[in-house]
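Okay, here's what each chain looks like letter by letter:
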Amino acid sequence: MAKKKPVVVVTRKLPEVVETRMRELFETRLNENDRPFSQAELVEAVRTADVLVPTVTDRIDSSVLSQAGENLKLIANFGNGVDNIDVVTANNRGINVTNTPGVLTEDTADMTMALMLSVPRRLATGISALESGEWAGWSPTWMLGHRIWGKRLGIIGMGRIGQAVARRAKAFGMSIHYHNRRRVADEIEEELEATYWESLDQMLARMDVVSVHCPHTPATFHLLSARRLKLLKKDAYVVNTARGEVIDENALIRMLEAGDLAGAGLDVFEHEPAVNPKLAKLENVVLLPHMGSATIEGRIEMGEKVIINIKTFMDGHRPPDRVLPSML
Ligand SMILES: NC(=O)c1ccc[n+]([C@@H]2O[C@H](COP(=O)([O-])OP(=O)(O)OC[C@H]3O[C@@H](n4cnc5c(N)ncnc54)[C@H](O)[C@@H]3O)[C@@H](O)[C@H]2O)c1
Ligand SMILES: O=C(O)[C@H](O)CO
């Protein structure tokens, strides 16, 4: 008798090729209209699924998990960050969690560089000046930004994306500094000519650009607190393509408004999808709607990872991208 296919509930619309393959392999319940699930729909999903495929927009917290059915054995996140899932509670209930690391590293690093170039070089202001007809021709003193060549970049979280950003920034002539939970391997430090700062505070005080690449965990919530933001130089820039919660957003806004920081490039926000209207009013920021990993190639590869994780788990093996509480 043929093995019963697992019931896989997918909370958002995925690339066509991924959904087609999922339908072939699993008893897949898709979200055709792409509207994010309500809390009640999430509860219904965890009650009835063998496998849940959520995304960053779904909050799989202890209250949702407490209502999970006995069949739910895997949450295969369509995403790298797992701060949308209470991994500890899932683990305690015998539910495995996987994510999609690696396949969005280069895309997110590219977007980080786009922000790192856009803010000091005033790309958004220049585009709107041109579009509004304000441009009257070249001028020696108009629309001047700041050079990034020769500047110091401080990376917080020297993992996959942090290192990919460091490689790019080095090619742009920046010197690489980093703070991480652990010092990275000697070969990587040598390749990047990177300086390790055990003290985040000391690093912050010396950087021209600070870029955030650590995950959002209880330990990193408001890692860039009001106190730490004040350590930054007045002419420093902050870039964040990791998670909004890592920066105290209100404190950042106050400093940008007061001119105590040169500018910020943000792809992520503390209360997504809400964006503080005070941010949008500032001229020295570039804001993106969480699109760091938004490439067609990356999204298909994320889907492939999800499928491999589910298939491997259903075949009785350890899924390749299992996330354990000890890793957070
Ligand atoms: N904007 C986007 O679309 C997008 C896309 C992909 C990933 N992300 C975010 O980027 C994050 C990083 O992804 P990654 O693949 O590089 O992860 P990674 O695990 O490879 O790297 C994270 C690094 O942060 C370090 N770290 C963790 N806690 C720390 C702490 N308290 N202090 C200092 N360093 C700490 C880790 O040691 C690790 O080196 C993800 O967790 C996700 O939130 C965003
Ligand atoms: O963590 C991630 O994967 C991104 O933020 C969303 O794709």
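Residues numbered from 1 in each chain as written. Chains lettered and ligands numbered in written order. Predicted model: local features only at pLDDT ≥ 70, side-chain atom pairs only at ≥ 80, totals over all residues. Heavy atoms only, no water.

- The name given to the chain in an unreviewed UniProt entry is Glycerate dehydrogenase, and the organism recorded there is Roseibium album.
- UniProt's Sequence similarities (unreviewed entry) comment on the chain is quoted here verbatim: "Belongs to the D-isomer specific 2-hydroxyacid dehydrogenase family." (UniProt positions renumbered as here; feature names shortened; annotations may be inferred.)

## Describing the packing of aromatic side chains
Now for step 1: Counting across every chain of the model gives one aromatic pair.
Now for step 2: Considering the side-chain rings of Tyr-178 and Tyr-196, the 5.1 Å spacing of their centres and the 45° angle between planes classify their relative orientation as tilted. Here Tyr-196 lies in strand β8 (residues 195–196) and Tyr-178 lies in strand β7 (residues 175–179), a separation of 18 residues in the sequence. (Phe/Tyr/Trp six-rings, centres within 6.5 Å; stacked < 30°, edge-to-face > 60°. Helix = DSSP H or I, 4+ residues; strand = E, 2+ residues; numbered from the N terminus.)

## Some remarks on the site of ligand 2
Now for step 1: In the region of ligand 2, the neighbouring residues are Gly-79, Asn-80, Gly-81, Leu-104, Arg-243, His-290, Ser-293 and Met-302.
Now for step 2: One of the backbone nitrogen or oxygen atoms of Gly-81 is found 2.8 Å away from an oxygen atom of ligand 2.
Now for step 3: Ser-293 is positioned such that a nitrogen or oxygen atom in its side chain is 3.2 Å from an oxygen atom of ligand 2.
Now for step 4: Its free accessible area being 230 Å², ligand 2 has 86% of it covered by the protein chains.
Now for step 5: Here the shell around ligand 2 is composed, by residue class, of two nonpolar, five polar and one charged. (Near = heavy atom within 4 Å. Polar contact = N/O pair within 3.5 Å; in protein donor to acceptor, adjacent residues only side chain to side chain. Areas by Shrake-Rupley, 256 points an atom, 1.4 Å probe, with all protein chains shown as cover. Nonpolar A, V, L, I, M, F, W, Y, C, P; charged D, E, K, R; others polar.)

## A look at unusual backbone geometry
Now for step 1: With an omega dihedral of 0°, the bond running from Glu-272 to Pro-273 counts as a cis peptide bond.
Now for step 2: Here Pro-273 lies in the loop between β11 (263–266) and α12 (277–281).
Now for step 3: Despite not being glycine, Asp-34 has its phi angle at roughly 65°, a positive value.
Now for step 4: Looking at the element boundaries, Asp-34 is found in the loop between β2 (27–29) and α2 (39–48).
Now for step 5: What makes Asp-34 partly exposed here is its relative accessible area of 29%.
Now for step 6: The phi torsion at Met-143 lies on the positive side, around 60°, for a residue other than glycine.
Now for step 7: When you line up the elements, Met-143 lands in the loop between α6 (123–131) and β6 (152–156). (Buried < 20%, exposed > 50% of the residue type's maximum accessible area, 1.4 Å probe, protein only.)

## With respect to a positive patch on the surface
Now for step 1: On the surface, Lys-230, Arg-254, Lys-278 and Lys-281 cluster together into a patch of positive charge.
Now for step 2: Here Lys-230 lies in the loop between α10 (226–229) and β10 (237–240).
Now for step 3: With a relative accessible area of 62%, Lys-230 lands in the exposed category. (Patch = residues over 30% accessible without salt bridge, like charges linked within 9 Å, V, L, I, M, F, W, Y side chains within 5 Å. Salt bridge = Lys/Arg side-chain N within 4 Å of Asp/Glu carboxyl O. Lys, Arg positive; Asp, Glu negative; His and termini not counted. Charge placed at Lys NZ, Arg CZ, Asp CG, Glu CD.)

## So, the domain arrangement of the chain
Now for step 1: Entries for the chain in the domain assignment read domain 1 (7–102 + 295–327) and domain 2 (104–287).
Now for step 2: Opposite the eleven residues of domain 1 that make contact, domain 2 presents nine residues.
Now for step 3: Together domain 1 and domain 2 conceal approximately 800 Å² of surface at their shared face, both sides included; 45% is due to carbon and sulfur atoms.
Now for step 4: Considering only the surface of domain 1 that becomes buried against domain 2, Asn-80, Asp-83 and Gly-102 emerge as the three largest contributors, covering 53% of it.
Now for step 5: Inspection of the domain 1/domain 2 interface yields one salt bridge.
Now for step 6: The salt bridge involving Asp-83 is made with Arg-243; its shortest N-O contact spans 3.1 Å.
Now for step 7: By residue class, the composition of the side of domain 1 that touches domain 2 is four nonpolar, six polar and one charged. (Domains from an automatic or database assignment. Contact = heavy atoms within 4.5 Å. Buried area = accessible area lost by both parts, 1.4 Å probe.)

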